[in-house]
Each structure stands twice: as structure tokens, then as C-alpha cells.
Amino acid sequence: MSMQTVMVVGAGQMGAGIAQVHAVAGFHVYFNDLTEEKVTAGRQGIEKQLQRQVDKGRMEQDAMQDALGRITPSTSLEDAANVDLCIEAAVEQMEIKKKIFQELDRHAPTTAILATNTSSLPITEIAAETNRPAQVIGMHFMNPVPVMKLVEVIRGLQTNEDTYKDVKAAAEALGKTPVEVNDAPGFVSNRVLMPMINEAICTVNEGIAAPEDVDQVMTLGMNQPMGPLTLADFIGLDTCLYIMEVLHEGFGEDKYRPSPLLRKYVKAGWLGRKSGRGFYVYNN
């Protein structure tokens, strides 16, 4: 199936990034959230990001305006009646995602593919809320979406081959590199990344090293571009905790148990960059 029109559900940081890369690649995008205020704020963020590209000489002004012109604001999931692909990028809570997919299943054409940008939740469980589980798939973009090349394309239990091929082709049309993954807690990216971050937090909690020293060991000694605690602050410590809880519940193994220090920071409201304080202090 040749995809031309996409709905992105969720106008936050991830949803805005997903909408941006589709609009720049020539897709028409319905940019959806619950309120006009949220959609407007998300679109303003997209415009700001594109203007930076223009200012740096990486994009022409006309191309920027064309991309913005392909974004249609939406506050109703009934607009899914016009799309080939829906990508849900709402809050990482299963019950909310289930309700969204029930609505999308009602309104989207029977040929449309329903994708979720979830970073850890089961695709198969989400797909079971629809009458088209063979056309439900995970499309996990990395943050920041316009910069990062990887997209995990996650097959649910019933995802069919045509759905996978169409989503793979759509990701490639964005200039991304799709990697095929089967449905499991945390998929590949977060199953590997989050336990490493959690272990780094444990070393701080046990007094083995300060956050700066842990990050320096991993950047200078392991050649990582960013230390795990700096990365945790960037992702959001609440998000890290949530994914660790999903892994712990999904596998039932102690190696996925969240660090007590991670829980303590989240309870204190120290969520990382977005709150101004995590393992480091930020002047937002």
C-alpha cells in the first residue's frame, strides 16, 4: 500500500517530532491531540525546529513552508477516516492507548494501519482492542525524532507481513533505518538500555561513584557519546522508572527491579531536564 496521509495522535515532544519528519518527507499529516491549545503548541514547536534548519542553511524557506502546509490540526479522532496510517504517540499508559486504538479502529478506513510509538508496552495487547490485529504494529521512534535514524518496527502476535512491509517502507521514506523486532517487554532498545541506566543509578546509590564519575567512565572508557545518568535525565527519570517497572513485571526477574534511588528521585519530583533537577541541576 502506498501511504500518503498519516494521523499522529499526541502533540507532545515525540508526536511533534513524528509529525515533523512525515511532513518534511511529503506526507499529509493530521496532527491530533485533545485540545487546540496542545495542537497549537506542538505545531509551534515544529515550526521552531524547522526554522533552525533554515537558519543553519540545511533547509530552504519554501521547503519549510511547504512542510508546515502539509500539517492539518485535529482534535477529533474522526479525522482518521482520511488516513492510510495512524501513529499513536500519547502518554505511556496502557488504558489510554487502548481507548485510542478502539476509537481509531472505529474511524479509520478498514485498509489503514494502526501503529503505536510505545517504548515498552505489549503490541499484542493493544492490537487485541481492535478488529484488525493483523494491521496493528509498533513503530518506536527514538528521541529526538528528527535526528535519530532508528525506528524499531515491532510485530505483534498477529501482525501480518503486508503490514510490516508497508511500515518498513514508510520508515525508509522518512530517511530512517527500520529494524524488525518481535513483541517483548522493552523490545530491544529499552530492554538493553534501561537495565544499564538502572545499574548506573545503583552505583550512585551504593556510594561507589558520583554521577559525574559514572558518566565519565562510560564516555571515556566505553566510548559512549553520553553517560547513562545524563541520558536518564534527558529521557526523564519518571519514564525510566516506568519502563523498568514494565520490564520487571513482564519478566518477573530481580535484575529488572528499579533502583530505590530512582524511585526516590521520581517521588521528589526530580525528573531530569524537564523538571530542572535529576542527577544534575539544569537552568531550564
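About the criteria used
Residues numbered from 1 in each chain as written. Predicted model: local features only at pLDDT ≥ 70, side-chain atom pairs only at ≥ 80, totals over all residues. Heavy atoms only, no water. Phe/Tyr/Trp six-rings, centres within 6.5 Å; stacked < 30°, edge-to-face > 60°. Helix = DSSP H or I, 4+ residues; strand = E, 2+ residues; numbered from the N terminus. Buried < 20%, exposed > 50% of the residue type's maximum accessible area, 1.4 Å probe, protein only. Domains from an automatic or database assignment. Contact = heavy atoms within 4.5 Å. Buried area = accessible area lost by both parts, 1.4 Å probe. Core = buried A, V, L, I, M, F, W, Y, C linked by side-chain atoms within 4.5 Å. Axes fitted to C-alpha atoms, helices over the stretch in contact; angles between N-to-C directions. Parallel < 35°, antiparallel > 145°, perpendicular 65-115°, else oblique. Left-handed = near helix turned anticlockwise from the far one by under 90°. Nonpolar A, V, L, I, M, F, W, Y, C, P; charged D, E, K, R; others polar. UniProt positions renumbered as here; feature names shortened; annotations may be inferred.

1. Digging into the packing of aromatic side chains
The way to describe two aromatic rings as a pair is by their centre distance and the angle between their planes. According to the stated counting rule, one finds 3 aromatic pairs in the structure shown. Taking the centre distance of 4.8 Å and the plane angle of 35° together, the rings of Tyr265 and Phe279 count as tilted. Here the residue Tyr265 occupies a position in helix α11 (residues 260-268), and Phe279 occupies one in the segment after α11, the gap between them amounting to 14 residues. The exposure classification of Tyr265 matches that of Phe279, with both residues buried. An aromatic cluster of at least three residues, connected via ring pairs, comprises Tyr265, Trp270 and Phe279.

2. With respect to the domain arrangement of the chain
Once the domains are mapped, the chain shows domain 1 (5-182) and domain 2 (189-275). The distance between the C-alpha centroids of domain 1 and domain 2 comes to 27 Å. Domain 1 puts 11 residues into the contact, and the matching count from domain 2 is 6 residues. Buried area between domain 1 and domain 2, summed over both chains or domains, comes out near 610 Å², and the portion from carbon and sulfur atoms is 54%.

3. Details of the nonpolar core
Counting 38 residues, the largest nonpolar core has Phe31, Ile46, Leu85, Ile87, Met139 and Phe141 as the members making the most contacts within it. Sort the elements by how many residues they give to this core and helix α1 (residues 13-24) lands first, with 6 residues. If near-sequence neighbours (up to four positions away) are discounted, Ile46 is found in contact with Ala16, Ala19, Gln20, Phe31, Leu68 and Ile71. Of all hydrophobic cores here, the second largest spans 23 residues; its members include Val83, Leu114, Val136 and Val181.

4. Structural notes on the packing of helix α7 (residues 189-205) against helix α8 (residues 211-221)
One way to put it is that α7 packs onto α8 with a least axis distance of 9 Å and a crossing angle of 135°. When the axes of α7 and α8 are compared, the pair comes out oblique. The two elements α7 and α8 meet at a crossing, and its hand is right-handed. Counting all contacts with α7, which are made through Met196, Ala200, Thr203 and Val204, the residues of α8 involved are Pro211, Val214 and Met218. Split into classes, the residues belonging to the contact of α7 with α8 amount to 6 nonpolar, 1 polar and no charged.

5. A look at the UniProt feature "binding site: NAD(+)" (unreviewed entry) in the chain
Mapped onto this numbering, the UniProt entry gives "binding site: NAD(+)" (unreviewed entry) at Gly10, Ala11, Gly12, Gln13, Met14, Gly15, Asp33, Glu92, Lys97, Ser119, Asn143 and Lys274. Annotated residues spanning 265 residues; largest pairwise C-alpha distance 23.2 Å, indicating distribution over more than one region. Tracing the backbone shows Gly10 in the loop between β1 (5-9) and α1. Since its relative accessible area comes to 9%, Gly10 is described here as buried.

6. Here's the deal with the packing of α1 against helix α2 (residues 36-55)
Across the interface, α1 lies against α2 with an axial gap of 9 Å and an inter-helix angle of 55°. On the basis of their axis angle, the class for α1 and α2 is oblique. Between α1 and α2 lies a crossing of right-handed hand. Along its contact with α1, which presents Ala16, Ala19, Gln20 and Val24, the element α2 presents Gly42, Ile46, Gln49 and Leu50. Taken together, the residues that form the contact of α1 with α2 break down as 5 nonpolar, 3 polar and no charged.

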